[in-house]
Amino acid sequence: MFIPSIQATDNPVMAQALRSAIDGKTKPPGSLGMLEKLAHQIGMVQQTVRPAIVSPALIVFAGDHGIVEEKISAYPQSVTWQMVENFLAGGAAINVFARQNACALHIVDAGVNHDFGDRAGLLNRKVAAGTRNFATMPAMTAEQCTQAMQHGAELIQAIPGNVLGFGEMGIGNTTSAAAIMHALTGLPAADCVGAGTGLSREGILHKQQVVANAVAYHASMRSPLEVLMTFGGFEIAMIAGAMLAAAERRMVLVIDGFIITSALLVAARLQPAILDYCVFAHCSDEYGHAKLLAELHGEPVLHMGLRLGEGTGAVLVLPMLQAAVHFLCEMATFESAAVSNKSAD
(Lines give C-alpha, C1' and ligand atoms only; values in the text may rest on other atoms or scores of the structure.)
Protein backbone atom coordinates (compact mmCIF):
# COMPACT_ATOMS: atom_id res chain seq x y z
CA MET A 1 0.00 0.00 0.00
CA PHE A 2 1.12 3.54 -0.72
CA ILE A 3 1.47 5.22 2.68
CA PRO A 4 0.29 8.83 2.43
CA SER A 5 2.44 11.57 3.83
CA ILE A 6 0.59 13.20 6.74
CA GLN A 7 1.28 16.87 7.27
CA ALA A 8 1.61 18.17 10.83
CA THR A 9 -0.95 20.80 11.81
CA ASP A 10 1.75 23.01 13.33
CA ASN A 11 1.28 26.67 12.34
CA PRO A 12 2.47 29.23 14.92
CA VAL A 13 0.38 32.06 13.47
CA MET A 14 -2.83 30.03 13.53
CA ALA A 15 -2.01 28.64 16.97
CA GLN A 16 -1.72 32.15 18.38
CA ALA A 17 -4.88 33.31 16.63
CA LEU A 18 -6.82 30.41 18.15
CA ARG A 19 -5.33 31.03 21.58
CA SER A 20 -6.33 34.69 21.42
CA ALA A 21 -9.84 33.82 20.20
CA ILE A 22 -10.34 31.27 22.99
CA ASP A 23 -8.94 33.51 25.72
CA GLY A 24 -11.00 36.46 24.46
CA LYS A 25 -14.32 34.81 25.31
CA THR A 26 -16.26 35.95 28.37
CA LYS A 27 -14.68 33.54 30.85
CA PRO A 28 -11.51 33.22 32.89
CA PRO A 29 -8.65 31.74 30.83
CA GLY A 30 -8.70 27.96 30.89
CA SER A 31 -12.04 27.74 32.66
CA LEU A 32 -13.62 25.55 30.00
CA GLY A 33 -10.87 23.01 30.50
CA MET A 34 -10.83 20.20 27.94
CA LEU A 35 -13.27 22.07 25.69
CA GLU A 36 -10.63 24.74 25.14
CA LYS A 37 -8.05 22.12 24.19
CA LEU A 38 -10.50 20.52 21.78
CA ALA A 39 -11.42 23.85 20.20
CA HIS A 40 -7.75 24.65 19.70
CA GLN A 41 -6.98 21.22 18.23
CA ILE A 42 -9.95 21.20 15.84
CA GLY A 43 -9.11 24.75 14.78
CA MET A 44 -5.54 23.66 14.04
CA VAL A 45 -6.74 20.68 12.02
CA GLN A 46 -9.09 22.89 10.00
CA GLN A 47 -6.71 25.90 10.06
CA THR A 48 -9.41 28.37 11.07
CA VAL A 49 -10.59 30.27 14.14
CA ARG A 50 -14.15 29.28 13.19
CA PRO A 51 -14.06 25.48 13.02
CA ALA A 52 -17.15 23.36 12.43
CA ILE A 53 -18.26 19.76 12.87
CA VAL A 54 -19.74 18.67 9.52
CA SER A 55 -21.52 15.34 8.93
CA PRO A 56 -19.78 13.24 11.61
CA ALA A 57 -19.54 9.55 10.74
CA LEU A 58 -18.34 6.33 12.32
CA ILE A 59 -17.17 3.16 10.59
CA VAL A 60 -17.36 -0.21 12.37
CA PHE A 61 -14.99 -2.80 10.90
CA ALA A 62 -15.65 -6.47 11.72
CA GLY A 63 -13.28 -9.41 11.40
CA ASP A 64 -12.49 -12.80 12.90
CA HIS A 65 -9.22 -14.03 14.35
CA GLY A 66 -7.46 -17.38 14.12
CA ILE A 67 -5.91 -16.82 17.54
CA VAL A 68 -9.24 -17.90 19.10
CA GLU A 69 -7.93 -21.44 18.60
CA GLU A 70 -5.76 -20.75 21.65
CA LYS A 71 -8.83 -20.35 23.91
CA ILE A 72 -8.21 -16.67 24.62
CA SER A 73 -11.84 -15.49 24.59
CA ALA A 74 -14.78 -16.00 26.91
CA TYR A 75 -17.13 -15.93 23.90
CA PRO A 76 -17.29 -18.15 20.78
CA GLN A 77 -16.20 -16.77 17.41
CA SER A 78 -19.80 -16.92 16.15
CA VAL A 79 -20.55 -13.83 18.25
CA THR A 80 -18.71 -11.72 15.64
CA TRP A 81 -21.17 -12.42 12.82
CA GLN A 82 -24.13 -12.41 15.22
CA MET A 83 -23.18 -8.91 16.37
CA VAL A 84 -22.82 -7.76 12.76
CA GLU A 85 -26.41 -8.92 12.27
CA ASN A 86 -27.32 -6.89 15.36
CA PHE A 87 -25.63 -3.83 13.86
CA LEU A 88 -27.54 -4.29 10.62
CA ALA A 89 -30.81 -4.64 12.55
CA GLY A 90 -30.08 -1.41 14.45
CA GLY A 91 -30.10 -3.03 17.88
CA ALA A 92 -26.55 -2.63 19.20
CA ALA A 93 -25.26 0.07 21.54
CA ILE A 94 -23.43 1.78 18.68
CA ASN A 95 -26.70 2.03 16.72
CA VAL A 96 -28.46 3.63 19.66
CA PHE A 97 -25.71 6.16 20.34
CA ALA A 98 -25.20 6.98 16.65
CA ARG A 99 -28.91 7.73 16.24
CA GLN A 100 -28.89 9.84 19.39
CA ASN A 101 -25.96 11.92 18.14
CA ALA A 102 -26.96 12.20 14.46
CA CYS A 103 -23.84 10.30 13.46
CA ALA A 104 -23.78 8.38 10.18
CA LEU A 105 -22.92 4.72 10.78
CA HIS A 106 -21.19 2.41 8.31
CA ILE A 107 -20.69 -1.34 8.88
CA VAL A 108 -17.84 -3.14 7.08
CA ASP A 109 -17.19 -6.87 6.77
CA ALA A 110 -13.39 -6.83 6.78
CA GLY A 111 -13.00 -10.57 7.28
CA VAL A 112 -15.81 -12.25 9.22
CA ASN A 113 -15.99 -16.03 9.17
CA HIS A 114 -19.56 -15.99 7.84
CA ASP A 115 -21.33 -15.52 4.53
CA PHE A 116 -23.73 -12.59 4.87
CA GLY A 117 -24.67 -12.53 1.22
CA ASP A 118 -25.61 -9.25 -0.43
CA ARG A 119 -27.02 -7.19 2.44
CA ALA A 120 -28.33 -3.66 2.58
CA GLY A 121 -26.22 -1.58 4.91
CA LEU A 122 -23.20 -3.92 4.87
CA LEU A 123 -20.05 -2.92 3.01
CA ASN A 124 -18.41 -6.15 1.89
CA ARG A 125 -14.63 -5.80 1.89
CA LYS A 126 -13.92 -9.31 3.14
CA VAL A 127 -10.26 -10.20 2.63
CA ALA A 128 -10.72 -13.76 3.92
CA ALA A 129 -12.91 -15.61 6.43
CA GLY A 130 -10.76 -14.61 9.38
CA THR A 131 -7.03 -14.44 9.96
CA ARG A 132 -4.73 -17.35 10.72
CA ASN A 133 -3.56 -18.33 14.20
CA PHE A 134 -0.60 -16.06 14.91
CA ALA A 135 0.62 -18.39 17.64
CA THR A 136 2.07 -20.51 14.87
CA MET A 137 2.17 -18.36 11.70
CA PRO A 138 1.63 -14.74 10.65
CA ALA A 139 -2.03 -13.78 10.88
CA MET A 140 -1.98 -12.42 7.32
CA THR A 141 0.11 -12.61 4.21
CA ALA A 142 1.79 -9.40 3.15
CA GLU A 143 -0.65 -9.21 0.24
CA GLN A 144 -3.67 -9.59 2.54
CA CYS A 145 -2.39 -6.90 4.89
CA THR A 146 -1.85 -4.51 1.99
CA GLN A 147 -5.29 -5.32 0.58
CA ALA A 148 -6.96 -4.67 3.93
CA MET A 149 -5.20 -1.34 4.41
CA GLN A 150 -6.06 -0.31 0.85
CA HIS A 151 -9.72 -1.20 1.36
CA GLY A 152 -9.76 1.00 4.46
CA ALA A 153 -8.18 3.91 2.62
CA GLU A 154 -10.57 3.62 -0.32
CA LEU A 155 -13.64 3.54 1.93
CA ILE A 156 -12.70 6.96 3.30
CA GLN A 157 -12.94 8.55 -0.14
CA ALA A 158 -16.71 7.96 -0.25
CA ILE A 159 -17.46 9.38 3.21
CA PRO A 160 -18.40 13.07 3.41
CA GLY A 161 -17.82 15.33 6.37
CA ASN A 162 -14.79 16.29 8.42
CA VAL A 163 -15.06 14.13 11.58
CA LEU A 164 -14.63 10.37 11.52
CA GLY A 165 -14.77 7.85 14.35
CA PHE A 166 -13.68 4.24 14.25
CA GLY A 167 -15.24 1.13 15.76
CA GLU A 168 -14.57 -2.60 15.61
CA MET A 169 -16.08 -6.00 16.24
CA GLY A 170 -14.15 -9.25 16.35
CA ILE A 171 -13.88 -12.00 18.93
CA GLY A 172 -10.18 -12.32 19.74
CA ASN A 173 -9.21 -8.81 18.69
CA THR A 174 -8.07 -7.68 22.14
CA THR A 175 -5.45 -10.43 21.89
CA SER A 176 -4.33 -9.10 18.50
CA ALA A 177 -4.24 -5.56 19.88
CA ALA A 178 -2.22 -6.66 22.91
CA ALA A 179 0.30 -8.48 20.70
CA ILE A 180 0.69 -5.41 18.48
CA MET A 181 1.21 -3.26 21.57
CA HIS A 182 3.71 -5.71 23.12
CA ALA A 183 5.69 -6.02 19.87
CA LEU A 184 5.83 -2.31 19.00
CA THR A 185 6.30 -0.79 22.46
CA GLY A 186 8.40 -3.46 24.18
CA LEU A 187 6.17 -3.22 27.25
CA PRO A 188 5.75 -6.54 29.09
CA ALA A 189 2.88 -8.73 27.93
CA ALA A 190 1.37 -8.41 31.42
CA ASP A 191 1.03 -4.65 30.83
CA CYS A 192 -0.73 -5.19 27.51
CA VAL A 193 -3.22 -7.99 28.18
CA GLY A 194 -6.63 -7.58 29.81
CA ALA A 195 -9.86 -9.46 30.30
CA GLY A 196 -11.28 -8.69 26.85
CA THR A 197 -14.86 -9.95 26.82
CA GLY A 198 -14.63 -11.10 30.44
CA LEU A 199 -11.88 -13.65 31.09
CA SER A 200 -11.20 -14.97 34.59
CA ARG A 201 -7.88 -14.29 36.28
CA GLU A 202 -6.65 -17.68 35.06
CA GLY A 203 -7.84 -16.85 31.56
CA ILE A 204 -5.98 -13.54 31.58
CA LEU A 205 -2.75 -15.28 32.64
CA HIS A 206 -3.17 -17.79 29.83
CA LYS A 207 -3.80 -14.96 27.35
CA GLN A 208 -0.65 -13.17 28.57
CA GLN A 209 1.36 -16.31 27.93
CA VAL A 210 -0.11 -16.74 24.45
CA VAL A 211 0.79 -13.15 23.56
CA ALA A 212 4.29 -13.34 25.05
CA ASN A 213 5.03 -16.66 23.33
CA ALA A 214 3.72 -15.48 19.97
CA VAL A 215 5.71 -12.24 19.99
CA ALA A 216 8.84 -14.14 20.97
CA TYR A 217 8.17 -16.74 18.24
CA HIS A 218 7.91 -13.99 15.61
CA ALA A 219 10.80 -11.99 17.07
CA SER A 220 12.12 -11.03 13.63
CA MET A 221 8.91 -9.14 12.82
CA ARG A 222 9.55 -5.66 14.17
CA SER A 223 8.62 -2.99 11.61
CA PRO A 224 5.10 -1.55 11.96
CA LEU A 225 3.80 -3.28 8.84
CA GLU A 226 5.44 -6.57 9.77
CA VAL A 227 3.85 -6.41 13.21
CA LEU A 228 0.46 -5.56 11.73
CA MET A 229 0.70 -8.44 9.25
CA THR A 230 1.84 -10.90 11.91
CA PHE A 231 -0.50 -10.12 14.79
CA GLY A 232 -3.29 -7.92 13.43
CA GLY A 233 -6.78 -8.65 12.24
CA PHE A 234 -8.23 -7.68 8.90
CA GLU A 235 -10.37 -5.10 10.71
CA ILE A 236 -7.33 -3.64 12.49
CA ALA A 237 -5.40 -3.36 9.22
CA MET A 238 -8.38 -1.71 7.51
CA ILE A 239 -8.69 0.76 10.37
CA ALA A 240 -4.99 1.68 10.12
CA GLY A 241 -5.36 2.30 6.38
CA ALA A 242 -8.55 4.29 6.91
CA MET A 243 -6.91 6.44 9.59
CA LEU A 244 -4.01 7.35 7.32
CA ALA A 245 -6.36 8.29 4.48
CA ALA A 246 -8.61 10.31 6.79
CA ALA A 247 -5.69 12.28 8.22
CA GLU A 248 -4.45 12.96 4.69
CA ARG A 249 -7.89 14.55 4.09
CA ARG A 250 -7.38 16.62 7.26
CA MET A 251 -10.35 15.06 9.02
CA VAL A 252 -10.64 14.96 12.81
CA LEU A 253 -10.07 11.32 13.85
CA VAL A 254 -12.03 10.21 16.92
CA ILE A 255 -10.24 7.30 18.58
CA ASP A 256 -12.27 4.81 20.58
CA GLY A 257 -10.83 2.11 22.84
CA PHE A 258 -8.00 -0.40 23.05
CA ILE A 259 -8.30 -2.11 19.65
CA ILE A 260 -8.75 1.15 17.75
CA THR A 261 -5.77 2.64 19.59
CA SER A 262 -3.64 -0.37 18.62
CA ALA A 263 -4.44 0.35 14.95
CA LEU A 264 -3.45 3.97 15.56
CA LEU A 265 -0.16 2.82 17.10
CA VAL A 266 0.71 1.17 13.79
CA ALA A 267 -0.42 4.21 11.79
CA ALA A 268 1.53 6.57 14.06
CA ARG A 269 4.71 4.52 13.70
CA LEU A 270 4.31 4.92 9.93
CA GLN A 271 3.30 8.62 10.01
CA PRO A 272 3.81 10.25 13.44
CA ALA A 273 2.02 13.47 12.42
CA ILE A 274 -1.28 11.57 12.36
CA LEU A 275 -1.51 12.16 16.12
CA ASP A 276 -2.19 15.85 15.49
CA TYR A 277 -5.56 14.83 14.05
CA CYS A 278 -6.60 12.43 16.82
CA VAL A 279 -9.10 13.09 19.59
CA PHE A 280 -8.84 10.31 22.17
CA ALA A 281 -12.44 9.78 23.16
CA HIS A 282 -11.95 7.89 26.40
CA CYS A 283 -9.72 5.68 28.49
CA SER A 284 -11.13 2.16 28.33
CA ASP A 285 -11.35 -0.16 31.30
CA GLU A 286 -9.58 -2.75 29.14
CA TYR A 287 -6.25 -3.30 30.87
CA GLY A 288 -3.41 -1.90 28.79
CA HIS A 289 -5.33 0.97 27.23
CA ALA A 290 -4.08 3.57 29.70
CA LYS A 291 -0.47 2.53 29.02
CA LEU A 292 -1.09 2.56 25.28
CA LEU A 293 -2.54 6.07 25.52
CA ALA A 294 0.53 7.15 27.48
CA GLU A 295 2.75 5.68 24.75
CA LEU A 296 0.98 7.90 22.22
CA HIS A 297 0.80 10.92 24.59
CA GLY A 298 -2.97 10.79 24.21
CA GLU A 299 -5.20 12.64 26.68
CA PRO A 300 -8.64 11.01 26.86
CA VAL A 301 -11.70 13.25 26.99
CA LEU A 302 -13.91 10.86 28.98
CA HIS A 303 -13.37 8.38 31.82
CA MET A 304 -16.57 6.33 31.98
CA GLY A 305 -15.44 2.77 32.63
CA LEU A 306 -16.29 1.75 29.06
CA ARG A 307 -14.91 -1.42 27.49
CA LEU A 308 -17.53 -2.39 24.92
CA GLY A 309 -15.83 -1.36 21.72
CA GLU A 310 -17.97 -0.90 18.59
CA GLY A 311 -16.92 2.77 18.56
CA THR A 312 -19.28 3.60 21.41
CA GLY A 313 -16.85 5.91 23.18
CA ALA A 314 -16.10 7.73 19.94
CA VAL A 315 -19.77 8.54 19.35
CA LEU A 316 -20.38 9.52 22.98
CA VAL A 317 -17.70 12.20 22.79
CA LEU A 318 -19.27 13.94 19.77
CA PRO A 319 -21.33 16.37 21.92
CA MET A 320 -18.05 17.53 23.49
CA LEU A 321 -16.62 18.27 20.05
CA GLN A 322 -19.76 20.15 19.11
CA ALA A 323 -19.60 22.16 22.33
CA ALA A 324 -15.95 23.03 21.67
CA VAL A 325 -16.54 24.49 18.22
CA HIS A 326 -19.80 26.19 19.20
CA PHE A 327 -18.34 28.10 22.13
CA LEU A 328 -15.48 29.24 19.95
CA CYS A 329 -17.79 30.43 17.16
CA GLU A 330 -20.77 31.71 19.14
CA MET A 331 -19.68 32.81 22.60
CA ALA A 332 -19.35 36.56 23.12
CA THR A 333 -15.99 38.19 23.63
CA PHE A 334 -15.25 40.61 26.45
CA GLU A 335 -15.25 43.42 23.90
CA SER A 336 -18.50 42.48 22.12
CA ALA A 337 -20.36 41.94 25.38
CA ALA A 338 -18.89 45.02 27.06
CA VAL A 339 -17.69 42.87 29.96
CA SER A 340 -14.59 43.88 31.87
CA ASN A 341 -11.65 41.54 31.32
CA LYS A 342 -9.21 40.37 33.97
CA SER A 343 -7.25 43.23 35.49
CA ALA A 344 -3.56 43.35 34.63
CA ASP A 345 -1.27 42.15 37.45
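The structure this text deals with has already been given above.
Draft legend 1. Representation of the overall build of the protein in the model. When you go through the protein residue by residue, the secondary structure sums to 14 helices and 6 strands. On C-alpha atoms alone, the protein measures out to a radius of gyration of 20 Å, which is about the 20 Å that the 2.2 N^0.38 rule sets for 345 residues. Dimensions of the protein along its principal axes, counting C-alpha atoms only, are 70 × 45 × 40 Å. Residues counted as buried form 55% of the 345 residues belonging to the protein. Nonlocal contacts in the protein, meaning residues at least 24 apart in sequence, comprise 76% of its contacts between residues at least 6 apart. Of the accessible surface of the protein, which amounts to about 13,700 Å², a share of 55% is contributed by carbon and sulfur atoms. Once the 20 positive and 28 negative side-chain charges of the protein are each reduced to a mean point, those two points are 3 Å apart.

Draft legend 2. Representation of the pattern of salt bridges. Under the counting rule described, the total for this entry stands at 7 salt bridges. Of the charged contacts in the structure, one is a salt bridge between E295 and R269, with a shortest N-O distance of 3.3 Å. A residue pair is termed long-range when its members are at least 10 positions apart, and E295 in helix 12 (residues 289–295) and R269 in helix 11 (residues 258–270) qualify at 26 residues. When salt bridges that share partners are traced, they join R19, D23, K27 and E36 into one network.

Draft legend 3. The pairing of strand 4 (residues 163–169), seen in detail. Most of strand 4 is tucked away: 7 of the 7 residues are buried. Of the two faces of strand 4, both are covered, the one formed by V163, G165, G167 and M169 as well as the one formed by L164, F166 and E168. Two elements, strand 1 (residues 57–63) and strand 4, share 6 bridges in a ladder whose sense is parallel. Counterpart to F61 in the pairing with strand 4 is E168. When strand 4 meets strand 5 (residues 252–255), the two strands line up parallel, connected through 3 bridges. Within strand 5, the position partnered with L164 by the bridge is L253.

Draft legend 4. Up close: the side chain of H282. Of note, H282 is situated in the loop between strand 6 (278–280) and helix 12. A polar side-chain atom of H282 sits 3.2 Å from a polar atom in the side chain of D256.

Draft legend 5. Representation of the layout of surface pockets. Counted as a void, the largest pocket has a volume near 500 Å³. If you trace the largest pocket, you find 30 residues lining it, with N173, G196, T197, R307 and L308 closest to the centre. Among the elements of the structure, helix 3 (78–89), strand 4, helix 6 (173–185) and helix 11 are those that each provide at least two residues to the lining of the largest pocket. The greatest single-element share of the lining of the largest pocket, amounting to 3 residues, is contributed by helix 6. Looking at the lining of the largest pocket residue by residue, the class counts come to 12 nonpolar, 12 polar and 6 charged. Quantified by volume, the second largest pocket comes out at close to 350 Å³. What lines the second largest pocket is a set of 16 residues, among which Q41, L275, C278, F280 and H297 lie closest to the centre.

Draft legend 6. Representation of the sheet that holds strand 6. Spatially, the 6 strands line up as an open sheet ordered 3-2-1-4-5-6, and their pairing is parallel. Whereas interior strands pair on both sides, the edge strands pair on one side only; in this sheet they are strand 3 (122–124) and strand 6. For this sheet, the mean inter-axis angle between neighbouring strands, taken without regard to orientation, is 25°.

Draft legend 7. Main features of the nonpolar core. Residues M243 and L253 are the most contacted members of the largest nonpolar core, which totals 118 residues. When residues in this core are grouped by element, the largest group, 12 residues, is from helix 10 (residues 234–248). The residues touching M243, leaving out its near neighbours within four places in the chain, are F166, L253, I255, I260, A263, L264 and I274.

Draft legend 8. Up close: the state of the cysteines. Taken as a whole and assessed by the stated rule, the structure comprises 0 disulfides. Free cysteine C145: the closest other cysteine sulfur is in C278, separated by 19 Å. In this structure C283 is a free cysteine whose sulfur lies 14 Å from that of C192, the closest cysteine sulfur available.

Draft legend 9. Fine view of helix 6. Under the 1.5 Å per step criterion, the end-to-end length of helix 6 is 18 Å for 13 residues, consistent within 8% with the ideal 18 Å. Counting buried residues along helix 6, 13 of its 13 residues qualify, which places the element largely inside the surrounding structure.

Calculation rules
Residues numbered from 1 in each chain as written. Predicted model: local features only at pLDDT ≥ 70, side-chain atom pairs only at ≥ 80, totals over all residues. Heavy atoms only, no water. Helix = DSSP H or I, 4+ residues; strand = E, 2+ residues; numbered from the N terminus. Rg over C-alpha atoms; globule rule 2.2 N^0.38 Å. Buried < 20%, exposed > 50% of the residue type's maximum accessible area, 1.4 Å probe, protein only. Contact = heavy atoms within 4.5 Å. Areas by Shrake-Rupley, 256 points an atom, 1.4 Å probe, with all protein chains shown as cover. Lys, Arg positive; Asp, Glu negative; His and termini not counted. Charge placed at Lys NZ, Arg CZ, Asp CG, Glu CD. Salt bridge = Lys/Arg side-chain N within 4 Å of Asp/Glu carboxyl O. Pairing = 2+ DSSP bridges. Polar contact = N/O pair within 3.5 Å; in protein donor to acceptor, adjacent residues only side chain to side chain. 1 Å grid on protein atoms, 1.4 Å probe; cavity = no way out; pocket = protein on both sides within 12 Å on 5 of 7 lines; lining within 4 Å. Points joined across faces, edges and corners; volume = space filled by probe spheres on them. Nonpolar A, V, L, I, M, F, W, Y, C, P; charged D, E, K, R; others polar. Axes fitted to C-alpha atoms, helices over the stretch in contact; angles between N-to-C directions. Core = buried A, V, L, I, M, F, W, Y, C linked by side-chain atoms within 4.5 Å. Disulfide = S-S within 2.5 Å. Expected span 1.5 Å × (residues − 1).

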